[in-house]
Amino acid sequence: MTKPKTGEKAPTSAPTADGIAAAARSAAKKGAPPVHLWTPEFCGDLDMRIARDGTWFYLGTPIGRPGLVKLFSSIIRKDGDDYFLVTPVEKVGITVDDAPFVAVDFEVSGAGTDQALSFTTHVEDVVTAGPDHPIRIVRDAETGEPAPYVLIRANLEALIDRKSFYRLIDLGVHADHDGERWFGLWSGGVFFPVIPSAELPD
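I will try to describe carefully the structure that is included in this document.

Thresholds applied
- Residues numbered from 1 in each chain as written.
- Predicted model: local features only at pLDDT ≥ 70, side-chain atom pairs only at ≥ 80, totals over all residues.
- Heavy atoms only, no water.
- Helix = DSSP H or I, 4+ residues; strand = E, 2+ residues; numbered from the N terminus.
- Polar contact = N/O pair within 3.5 Å; in protein donor to acceptor, adjacent residues only side chain to side chain.
- Contact = heavy atoms within 4.5 Å.
- Core = buried A, V, L, I, M, F, W, Y, C linked by side-chain atoms within 4.5 Å.
- Buried < 20%, exposed > 50% of the residue type's maximum accessible area, 1.4 Å probe, protein only.
- Phe/Tyr/Trp six-rings, centres within 6.5 Å; stacked < 30°, edge-to-face > 60°.

Right, let's talk about the side chain of Ser164 for a bit. Mapped onto the secondary structure, Ser164 falls in helix 3 (residues 162–170). Among the polar contacts made by the side chain of Ser164, one reaches the side chain of Asp161 at a distance of 2.7 Å. With residues up to four places along the chain from it excluded, the contact list for Ser164 reads Ala103, Val104, Asp105 and Phe106.

What follows is about the nonpolar core. In this structure, Met48, Trp56, Phe72, Leu85, Phe119, Ile135 and Val150 are the most contacted members of the largest nonpolar core, which totals 49 residues. Non-local contacts of Trp56, meaning those with residues more than four positions away in its chain, are made with Met48, Arg49, Ile50, Thr61, Pro62, Ile63, Val69, Phe72, Ser73, Ile76, Leu85 and His122.

For the rest of this paragraph, the subject is unusual backbone geometry. The phi angle at Ala154 is positive, at roughly 45 degrees, despite the residue not being glycine. Phi is positive for Asp178, which is not a glycine, with a value near 50 degrees. In this structure, Asp178 sits in the loop between strand 13 (173–177) and strand 14 (180–187).

Using the criterion set out here, one finds four aromatic pairs in the structure. Measuring from centroid to centroid gives 6.0 Å for Trp56 and Phe72, while their planes differ by 15 degrees, and the two rings are stacked. You can see Trp56 sitting in strand 2 (residues 56–58) and its partner Phe72 sitting in helix 2 (residues 66–73), a full 16 residues away along the chain. Side by side, Trp56 and Phe72 carry an identical accessibility label, which is buried. Between the aromatic rings of Phe106 and Phe119, the centroid separation amounts to 5.7 Å while the plane-to-plane angle is 40 degrees, which identifies the pairing as tilted.

Nothing here speaks to function; it is all geometry.
In structure tokens:
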């Protein structure tokens, strides 16, 4: 679990999901929460976890209200390697198993270098991959299994789900990248490498 950073005070009272939700609702009335601008004191860790499939848990129980999950997702921030829910008055640590979002679908428009891939997350964020929302592929060092991600906002990524990734592969092409030939994806005028062409079977 996360710990207070240097200069941050320990919590004076235990944070609760209800309290965080109330503060988030109040902040959301003024538009998208500017979590990057808020500098509240660290208030301790909350027993809240986002599983790899995007399911949110509180006190070990799945949060079954999509609206509440979407609300919490609007105030996530990543500082260093740690994830927090941040309001104007509170900052609480949460656990994220992999990425805080899951991209569950995408739409494609255009073709070739003019292609655009627009991803939708499980909490209804929509972003088009490109310079501001890059796609990256992490390959398991032992198995070589790819884990694809797309940047949603700030330094928060979405894991692209398996069915979407298989569809993306159908759109892949070969192109030169950093002096090598790669198989990858075009979106927003950017080529995102997936695997070196030489590693693909003939």
